[in-house]
Amino acid sequence: DAKTTQPPSMDCAEGRAANLPCNHSTISGNEYVYWYRQIHSQGPQYIIHGLKNNETNEMASLIITEDRKSSTLILPHATLRDTAVYYCIVRVAHGAAGNKLTFGGGTRVLVKP
Amino acid sequence: DGGITQSPKYLFRKEGQNVTLSCEQNLNHDAMYWYRQDPGQGLRLIYYSQIVNDFQKGDIAEGYSVSREKKESFPLTVTSAQKNPTAFYLCASSIRQGPYEQYFGPGTRLTVT
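Because the structure is a prediction, the values reported are computed rather than measured.

Parameters and conventions
- Residues numbered from 1 in each chain as written.
- Chains lettered and ligands numbered in written order.
- Predicted model: local features only at pLDDT ≥ 70, side-chain atom pairs only at ≥ 80, totals over all residues.
- Heavy atoms only, no water.
- Contact = heavy atoms within 4.5 Å.
- Salt bridge = Lys/Arg side-chain N within 4 Å of Asp/Glu carboxyl O.
- Polar contact = N/O pair within 3.5 Å; in protein donor to acceptor, adjacent residues only side chain to side chain.
- Helix = DSSP H or I, 4+ residues; strand = E, 2+ residues; numbered from the N terminus.
- Nonpolar A, V, L, I, M, F, W, Y, C, P; charged D, E, K, R; others polar.
- 1 Å grid on protein atoms, 1.4 Å probe; cavity = no way out; pocket = protein on both sides within 12 Å on 5 of 7 lines; lining within 4 Å.
- Points joined across faces, edges and corners; volume = space filled by probe spheres on them.
- Buried < 20%, exposed > 50% of the residue type's maximum accessible area, 1.4 Å probe, protein only.

A closer look at the interface of chain B and chain A
In this complex, chain B contributes 25 residues to the contact, which on the side of chain A involves 22 residues. On inspection of chain B and its partner chain A, the count reaches zero salt bridges. Inspection of the chain B/chain A interface yields four residue pairs in polar contact (both at pLDDT 80 or more). Taken together, the elements giving at least two residues each to the side of chain B that touches chain A come down to β4 (31–37), β5 (43–51) and β9 (87–94) of chain B. Sort the elements by how many residues they give to the side of chain B that touches chain A and β5 of chain B lands first, with four residues. By residue class, the composition of the side of chain B that touches chain A is twelve nonpolar, eight polar and five charged.

Structural data, given as structure tokens:
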């Protein structure tokens, strides 16, 4: 699976959009980009995933560059409950070993009032 | 409610004792996973199972054992051979193949002294 690079931490103001970058310059054509978050001492929570096109759901939007070497997770209106570590993960979708998630260090996001 | 349960939330053991962590899911998922998380680190895969009566080693299987006798259950035994067993243990499940997300349980924090 391709390696990802994320900033170690970032602050965000409550009510504003939070833009979380992720670099995955070695991504392969059959690899998806996934985002999870982990609130302190809880299990990770799935947020969104995509292959080529931008994706949006009730939690966030995922913007993937045309060359697929980087992506941005957008939390449109950050709340204090969005304070967490956010993980960007790249992996193939198929095959037994392909379902493994490889977590890096993530970005520690602090939403401030 | 559908989901994954892990029990207990906190577990304390003496060095040299084996301990079994419980993981149950009612999501009808074929695949189940065990991850370990150390303070300030990402998750690392211990074992995974794609189907009943079958399981595979992950990246850090040494000192651990699992069984998968029922679709709903995937218990993890931390043996006395595991050199540094104190950690946060997370169980997850997913549909067997495809670009599907993994659902995580709340985790068990194991402390061995």
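A look at the layout of surface pockets
As a volume, the largest pocket reaches approximately 470 Å³. Looking at the largest pocket, it is lined by 25 residues, and the ones nearest its centre are H40, V85 and R108 of chain A together with Q37 and G40 of chain B. Secondary-structure elements contributing two or more residues to the lining of the largest pocket are β8 (84–92) and β9 (107–112) of chain A together with β9 and β11 (108–112) of chain B. The biggest single contributor to the lining of the largest pocket is β9 of chain A, with four residues.

Description of the pattern of salt bridges
Enumeration over the complete set of coordinates arrives at five salt bridges over all chains. In this structure, K112 of chain A and D11 of chain A form a salt bridge, with 3.0 Å as the shortest nitrogen-oxygen distance. With K112 of chain A in strand β9 and D11 of chain A in strand β1 (residues 9–13), this pair connects stretches of sequence that are 101 residues apart. On the accessibility criterion, K112 of chain A (40% relative accessible area) is partly exposed. Among the residues examined, D11 of chain A registers a relative accessible area of 48% and is labelled partly exposed. Measuring nitrogen to oxygen at the nearest pair gives 2.8 Å for the salt bridge that ties R44 of chain B to D38 of chain B. The exposure class assigned to R44 of chain B is partly exposed, which follows from its relative accessible area of 38%.

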